[in-house]
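One-letter residues, chain by chain:
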Amino acid sequence: MKIALIAHDRKKDHLVQFVIAYRHIFEEHDLFATGTTGQRIMDETGLDITLLRSGPLGGDQQIGAMIANNDMDMVFFFRDPLTAQPHEPDVTALIRLCDLYHIPLATNMGTAEILLKGLDAGLVDWRLIQERRQ
Ligand SMILES: O=C(CO)COP(=O)(O)O
């Protein structure tokens, strides 16, 4: 599965801790991330991650494009609900594309844990099933 990892600045520690805790699951998948988030996760976990542009410089849109191209399976986007983002339209667009294409999206740690454990338990196979039908 292709997984996107994104966190706003005040949520980056949370996402790093989350990936460390569930490294054994993440390492089985293809990981992509916006630039600053991905670099931090790579530095602190040693995981191999494809780095896209930083969020404010187009990284959110790059992940959105992957979703639109049916090239992304799951998104972990730890948003900061208390800080205005200069690229808020990009943030909104990414979330909208997840909804449009039925891409599982976690915007906080609580949902993220359920989503990742669900993935590990084989509960998120609908995209694989869909692929087989095409
Ligand atoms: O801004 C972001 C998501 O909207 C994240 O971008 P960075 O990972 O480059 O900080």
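Residues numbered from 1 in each chain as written. Predicted model: local features only at pLDDT ≥ 70, side-chain atom pairs only at ≥ 80, totals over all residues.

Undergrad: Residue-level account of the overall build of the protein, with values.
TA: Helix and strand counts for the protein stand at seven helices and five strands. When the helices and strands of the protein are listed from N to C terminus, the series reads β-α-α-β-α-β-α-β-α-β-α-α. Radius of gyration (C-alpha) of the protein: 14 Å, near the 14 Å computed for a compact globule of 134 residues. When the backbone C-alpha atoms are referred to their principal axes, the protein occupies close to 40 × 30 × 25 Å. For the protein, buried positions account for 33% of its 134 residues. (Helix = DSSP H or I, 4+ residues; strand = E, 2+ residues; numbered from the N terminus. Rg over C-alpha atoms; globule rule 2.2 N^0.38 Å. Buried ≥ 20, exposed ≤ 12 C-beta atoms within 10 Å, placed from the backbone.)

Undergrad: Break down the pairing of strand β1 (residues 2–7) for me, with residues and values.
TA: With five of its six residues buried, β1 lies for the most part within the structure. Sheet topology note: the β1/strand β2 (residues 30–33) ladder contains four bridges and is parallel. Each bridged residue has a counterpart across the sheet, and for Leu5 the counterpart in β2 is Ala33. (Pairing = 2+ DSSP bridges.)

Undergrad: Any details on the site of the ligand? Residues and values, ideally.
TA: As a structural note, the neighbourhood of the ligand is formed by 13 residues, with Thr34, Thr36, Thr37, Ser54 and Gly55 the closest of them. Taken together, the elements giving at least two residues each to the shell around the ligand come down to α3 (35–45) and α4 (59–68). Of the residues assigned to the shell around the ligand, the class counts are three nonpolar, nine polar and one charged. (Near = placed C-beta within 6 Å. Nonpolar A, V, L, I, M, F, W, Y, C, P; charged D, E, K, R; others polar.)

Undergrad: Residues and numbers for the UniProt feature "binding site: substrate" (unreviewed entry) in the protein, please.
TA: UniProt marks His8, Lys12, Thr34, Gly35, Thr36, Thr37, Ser54, Gly55 and His87 with the feature "binding site: substrate" (unreviewed entry), using the numbering shown here. Considering the arrangement of structural elements, one finds His8 in the loop between β1 and α1 (12–21). Setting aside chain neighbours within four positions, we find His8 in contact with Phe78, Arg79, Asp80, Thr83 and Gln85. Along the chain, the position of Thr34 falls in the loop between β2 and α3. Setting aside chain neighbours within four positions, we find Thr34 in contact with Ile6, Leu52, Ser54, Gly55, Gly59 and Asp60. (UniProt positions renumbered as here; feature names shortened; annotations may be inferred. Contact = placed C-beta atoms within 7 Å.)

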